[in-house]
Amino acid sequence: MTRPVLLMCPLYEPTQHELESSWAVQRFYQAKDKAALLSELAQTCEVVVTAGGRGIEASVLSQLPRLKLVSCFGVGVDAIDLDYCKAHGIAVTNTPDVLTDDVADLAVALMLASLRQVVAADRWVREGRWVSQGGLPLTTQVRGRRVGIVGLGRIGHGIAQRCEAFGAQIAYHGPRRKPVQWAYHADLVEMASWADVLIAACPGGAATRGIVSRAVLEALGPQGHFVNIARGSVVDQPALVQGLTEGRLGGAGLDVFEDEPCVPAELIALPHVVLQPHHGSGTHDTRTAMGRLTLDNVTAWFAGRPLLTPV
Ligand code: NAP
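Residues numbered from 1 in each chain as written. Predicted model: local features only at pLDDT ≥ 70, side-chain atom pairs only at ≥ 80, totals over all residues. Heavy atoms only, no water.

Draft legend 1. Region of the structure containing the pattern of salt bridges. Counted according to the given criterion, the structure contains 14 salt bridges. Salt-bridge contacts for E258 lead to R209; the nearest nitrogen and oxygen are separated by 3.3 Å. Here R209 lies in the loop between strand 9 (197-200) and helix 10 (214-220) and E258 lies in the loop between strand 11 (251-254) and helix 12 (265-269), a separation of 49 residues in the sequence. Classification of E258 as partly exposed rests on a relative accessible area of 39%. Among the charged side chains, a network of salt bridges with common partners joins E18, R292 and D296. (Salt bridge = Lys/Arg side-chain N within 4 Å of Asp/Glu carboxyl O. Helix = DSSP H or I, 4+ residues; strand = E, 2+ residues; numbered from the N terminus. Buried < 20%, exposed > 50% of the residue type's maximum accessible area, 1.4 Å probe, protein only.)

Draft legend 2. Local environment of the packing of aromatic side chains. Within this structure, the stated rule accounts for three aromatic pairs. With centroids separated by 5.2 Å and ring planes inclined at 50°, the aromatic side chains of Y172 and Y184 adopt a geometry described as tilted. In this pair, Y172 is assigned in strand 7 (residues 169-173) and Y184 in strand 8 (residues 183-184), connecting sequence segments twelve residues apart. In this structure, Y172 and Y184 share a single accessibility class: buried. Where W301 meets F302, the ring centres are 5.5 Å apart and the plane angle is 70°; that geometry is what we call edge-to-face. Here F302 falls in the buried class, since its relative accessible area comes to 15%. (Phe/Tyr/Trp six-rings, centres within 6.5 Å; stacked < 30°, edge-to-face > 60°.)

Draft legend 3. Seen up close, the site of the ligand. Taken together, 29 residues lie near the ligand, and I155, R176, K178, I229 and D255 sit nearest. Note that an oxygen atom of the ligand is positioned 2.9 Å from one of the backbone N or O atoms of R154. Its free accessible area being 940 Å², the ligand has 84% of it covered by the protein chains. For the shell around the ligand, the residue count by class is 14 nonpolar, ten polar and five charged. (Near = heavy atom within 4 Å. Polar contact = N/O pair within 3.5 Å; in protein donor to acceptor, adjacent residues only side chain to side chain. Areas by Shrake-Rupley, 256 points an atom, 1.4 Å probe, with all protein chains shown as cover. Nonpolar A, V, L, I, M, F, W, Y, C, P; charged D, E, K, R; others polar.)

Draft legend 4. How the structure looks around the pairing of strand 2 (residues 24-27). The sheet contact formed by strand 1 (residues 4-7) and strand 2 spans four bridges and is parallel. From the neighbouring strand, L7 faces strand 2, where its bridge partner is R27. Read as a crossover between parallel neighbours, the route from strand 1 over helix 1 (residues 13-22) to strand 2 is right-handed. (Pairing = 2+ DSSP bridges. Right-handed = clockwise from strand over helix to strand, strands pointing away.)

Draft legend 5. Focus on the packing of helix 5 (residues 100-116) against helix 8 (residues 154-165). Where helix 5 contacts helix 8, the axes come no closer than 8 Å and their chain directions differ by 50°. Here helix 5 is positioned oblique relative to helix 8, judged by the angle of their axes. Our pair here, helix 5 against helix 8, has a crossing hand that is right-handed. Between helix 5, through T100, D101, V103, A104, D105, A107, V108 and M111, and helix 8, the contact on the second element is made entirely by R154, I155, G158, I159, R162 and C163. Broken down by class, the residue content of the contact of helix 5 with helix 8 amounts to eight nonpolar, two polar and four charged. (Axes fitted to C-alpha atoms, helices over the stretch in contact; angles between N-to-C directions. Parallel < 35°, antiparallel > 145°, perpendicular 65-115°, else oblique. Left-handed = near helix turned anticlockwise from the far one by under 90°. Contact = heavy atoms within 4.5 Å.)

See the structure below:
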């Protein structure tokens, strides 16, 4: 209990309970005087726990000169200043693999919801339009569709396998070709021109900011659908909103946004867009597994054992 741990944001409740039962946790997010808390911890705090959406910035890291580990609840580490950590010998861990299936499932659910208008159809029934207007206007089949995946990592691969089971054709874009059976496109605009559905599954951060650009969305076109389970930063959000509003993009299924939890009112108003509150990994099963890995990395570090999942 004596070892201090700085917690940047609330975690999955059972994980946070276990963390707070094991170590002397200080809640940064609730501290009224954050500068005073950092100064109190400056000479003792070696471990920070955070989550993918919160991360930790250099202005906080620099107040903790004894810091040795940032354990992140989540796989995306784009909100952690990795350059600072690397330069100062601070290890970073995340929670890969354990969330892959859930996030890939949600990507496919969003693709199905967008192509088959599942959410609009639900409203159709609830609003009595089945009775007053008859059946829903026809939608688009998944079988045979061309699905382009931006980022064929763990989650992207899971999405490809699932889409293949639905009879879709698969291609992918990323920094390098992979030893897989699916077609590789080095040029994202070219893949978007080919695709009926574009699914973003790459990391966020400076290197991927806006890679799903206006030109990519234009290439996807008025019959095309865009699914984003990556990060809001990977798409030019104003261009996405404009394309959907003006009918130059067919539909979208979005789990992530530029400025969460704020979702542009224009997107909320569009009936052919399916919106989710960034919960790709949001099942008890997966959050439990993510929590276990987050805690086990902290325990391993305090025990002097190798970290389980260093970034
Ligand atoms: P991963 O295994 O590291 O895969 C990331 C893939 O993106 C890699 O294949 C990488 O290519 C590729 N990539 C890197 N830069 C790229 C670029 N500029 N353009 C296209 N592809 C690029 O990570 P993962 O476990 O699949 O997770 C991927 C991301 O999903 C996370 O970073 C996070 O942002 C997001 N995520 C979202 C949720 C959610 O709730 N919605 C949950 C978990 C994760 P190389 O292999 O060639 O380096």
